[in-house]
Amino acid sequence: MIQVVIFDLDGVLVDTAKYHFICWQRLASSLGISIDEEFNQELKGVSRMDSLDMILALGGIEKTDEEKLELADTKNKWYLRCLNELSSEDLLEGVEETLLELKSREFKIGLGSASQSGEYVIKKLGIYDLFDAVVDGNGFQKSKPDPEVFLTGAQKLGVAPAECAVLEDAPSGILAAIAGGMLAIGVGSEPLPGEDHHLNDLSNPLSLIALL
Ligand code: B16
Ligand code: MG
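Residues numbered from 1 in each chain as written. Chains lettered and ligands numbered in written order. Predicted model: local features only at pLDDT ≥ 70, side-chain atom pairs only at ≥ 80, totals over all residues. Heavy atoms only, no water.

1. Overview of helix α7 (residues 148–157)
Residues separated by three or four positions in an α-helix point in the same direction, a consequence of the helix having 3.6 residues per turn.
So, point 1. Taken as a whole, α7 has its buried residues at Val149, Phe150, Thr152, Gly153, Ala154 and Leu157.
So, point 2. The inward-facing, buried residues of α7 abut β1 (4–7), β2 (108–112), β3 (133–135), β4 (164–168) and α8 (171–179).
So, point 3. Backbone geometry just after α7 places Gly158 at a positive phi near 70°. (Buried < 20%, exposed > 50% of the residue type's maximum accessible area, 1.4 Å probe, protein only. Helix = DSSP H or I, 4+ residues; strand = E, 2+ residues; numbered from the N terminus. Contact = heavy atoms within 4.5 Å.)

Take a look at the structure:
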């Protein structure tokens, strides 16, 4: 029986992907590399350093570890600037209603995000207090599709993986949920490979409840 619902952040609760894209595109172009929306899809759910490695590989460019840290840091400074104006108005449709509906039915709520700014973002969005456990890019080592982020959430909440459902918009996140032995619910306009169920968005909280 599902007791916990773990939410991915970017693409499920808020569209921060557009800011990641603008900032990666700016960084890539400073290195003479061009990235488009299609390539950006592959960066969804992927950690900051892994994203940088994918961009450098695309451009056939090699950098030292020190140079890579500096580049990732520059991108993150630009990204944090984009987050300055973030507020509850940026929540995707139905998110707050869905969280409240889950709370009223006594499900526990977790965050499972690859972003090191995950906690900061849900605070800016005004929904931090609705979460029983927050695991973001600071709380685990291995990137999705490794299940560590979600398993850490389950552990924090004291439940077995089979008692957790994961809401994810990225292929790597669905693979992580499956690898972790959790119910994998894809969110977005397209079905995701391997997902157990699919929702186009969270506009109808009862559609989610029906899957749990
Ligand atoms: P940061 P999610 C992911 O968030 C983003 O989808 C991905 O594009 C980003 O590179 C990653 O977080 C790391 O973010 O640079 O802020 O640590 O979808 O797992 O919530
Ligand atoms: Mg995501």
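We are not done yet, so read on.
2. Points about the coordination of the magnesium ion (ligand 2)
So, point 1. The coordination sphere of the magnesium ion (ligand 2), as far as protein atoms go, consists of Asp8 (OD), Asp10 (O) and Asp169 (OD), spread over 2.0 to 2.2 Å.
So, point 2. Read in sequence order, the donor residues coordinating the magnesium ion (ligand 2) give the pattern D-x1-D-x158-D. With Asp8 in the loop between β1 and α1 (17–30) and Asp169 in the loop between β4 and α8, this pair connects stretches of sequence that are 161 residues apart.
So, point 3. For Asp169, a relative accessible area of 13% translates into the label buried. (Donors = N, O, S within 2.8 Å, 3.2 Å for Na, K, Ca; no water.)

3. Describing the domain arrangement of the protein
So, point 1. When cut into domains, the protein gives domain 1 (4–14 + 89–209) and domain 2 (17–83).
So, point 2. The partner domain 2 presents 11 residues to the 12 residues of domain 1 that form the contact.
So, point 3. Interface of domain 1 and domain 2: buried area, both sides summed, is about 970 Å²; carbon and sulfur atoms make up 46% of it.
So, point 4. There are zero salt bridges connecting domain 1 and domain 2.
So, point 5. Inspection of the domain 1/domain 2 interface yields four residue pairs in polar contact (both at pLDDT 80 or more). (Domains from an automatic or database assignment. Buried area = accessible area lost by both parts, 1.4 Å probe. Salt bridge = Lys/Arg side-chain N within 4 Å of Asp/Glu carboxyl O. Polar contact = N/O pair within 3.5 Å; in protein donor to acceptor, adjacent residues only side chain to side chain.)

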